[in-house]
Amino acid sequence: VLFCFFKEMEKLINCVQKKPNALCRLICFPWAGGGTSQLAQWGRLFNDSIEVFCIRPSGRETRLGEPFPKDMASFVKEVTSVLLEELKEKPFAFIGHSLGTYMSFAVALHLKEKYGLEPVHLFMSSAHAPNSAAYLALRSTPVPDRNSDLLACVEMLGGIFELLPDEDIRRNVALTIRREANVFKMFLFEKADMSTPFSCDVTCFRGSDDKIYYVQGWQELSNGDTSFYELPGDHFYLLEPSNESFLIKYITTCIENAEL
């Protein structure tokens, strides 16, 4: 049983630097079609008080042979069943970028409603608040049937399509993004279904050259403070070394100031 558990953990989580004595874990949810390598490396940049777990959904990287989650509920179920004991063990914070923001929110909502567990901080990047009209409009955007129409999906979920020179890789990423767009479209958040708001602080980030995101709605979803930051760059501003450095310092301060 223990072997199976570690196998499931290894499949789902990329943790490049284990820190058994860390006070808090930062759980990272990457963007559509994105791997875990960039955000998992943050584990080397944070001090010893913060351990970084990066989520690897089925259908990506070492899990290419596995079917994609059929809907958001399947993804949430896997994350919570594999990580529940870790999340009970010590405080945790979530950071999601683009599609990863919606995935992290779905997991946070489930943890709160079913287990009474909450992150000490929600860091949301390049995404609309899930209770905004912009989010609903995005969700109602049709998913194209052909890979050649995938730019519409990239616009929807902020993938890395345009950054890839190799045609085969572009085709695979396009397919991934289309499947993930279907997962995203099946997650409908109704504020009325939320029994009580979150109590943690929320921070929303975006790149200055990226499109505008409607994030004010987060103030209705948590009783904590909500902060908004614009950093120089495009949709992938967080990969710029100077912005990465700012984010590491900012996230560390927020976690250290939370009541762990």
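Being a predicted model, the structure only gives us computed values, none of them experimental. Counting restarts for each chain, with residues numbered from 1 along the sequence as it is written. Owing to the predicted nature of the model, reporting of local features is limited to residues with pLDDT of at least 70; listing and counting of side-chain atom pairs is limited to 80 or more, with chain, interface and lining totals taken over all residues. Side-chain descriptors were evaluated using all non-hydrogen atoms of the structure, hydrogens and water having been removed beforehand.

Points about the packing of aromatic side chains
- For Phe, Tyr and Trp, rings pair up if their centres lie within 6.5 Å, where Trp contributes its six-membered ring, and each pair is then called stacked (planes under 30 degrees apart), edge-to-face (over 60) or tilted (otherwise). This model, assessed by the stated rule, comprises 19 aromatic pairs.
- Measuring from centroid to centroid gives 6.0 Å for Phe205 and Tyr229, while their planes differ by 40 degrees, and the two rings are tilted. A residue pair is termed long-range when its members are at least 10 positions apart, and Phe205 in strand S6 (residues 201–207) and Tyr229 in strand S7 (residues 226–231) qualify at 24 residues.
- A relative accessible area of 32% means that Tyr229 is categorised as partly exposed. Going along the chain from the N terminus, every DSSP run of H or I of four or more residues is numbered as a helix, and every run of E of two or more is numbered as a strand. The buried label applies to any residue whose accessible area, calculated with a 1.4 Å probe on protein chains only, is under 20% of its type's maximum; exposed applies above 50%, and partly exposed to all values in between.

Here's the deal with the environment of Ile248
- Tracing the chain through its elements places Ile248 in helix H9 (residues 241–257).
- Not counting the four nearest positions on each side in its chain, Ile248 is found in contact with Trp42, Leu45 and Phe46. Residues are treated as being in contact if the distance between any of their heavy atoms lies within 4.5 Å.

A look at the environment of Cys24
- Along the polypeptide, Cys24 turns up in strand S2 (residues 24–29).
- Given a relative accessible area of 0%, Cys24 falls into the buried group.

Section: the sheet that holds strand S5 (residues 121–125)
- Taking strand neighbours across the sheet as the criterion, the seven strands line up as S1-S3-S2-S4-S5-S6-S7 in an open arrangement whose pairing is mixed. Edge strands, defined here as strands with exactly one partner in the open sheet, are strand S1 (13–14) and S7.
- In this description, strands pair whenever DSSP reports at least two bridges between them. With four bridges joining them, strand S4 (residues 92–97) and S5 adopt parallel strand pairing. Counterpart to Phe94 in the pairing with S5 is Leu122.
- Each axis is a line fitted through C-alpha atoms, and for a helix only the stretch in contact is used; angles between axes span 0 to 180 degrees, taken between their N-to-C directions. Relative to S7, H9 is tilted by about 165 degrees, and along the sheet it contacts S2, strand S3 (50–55), S4, S5, S6 and S7.

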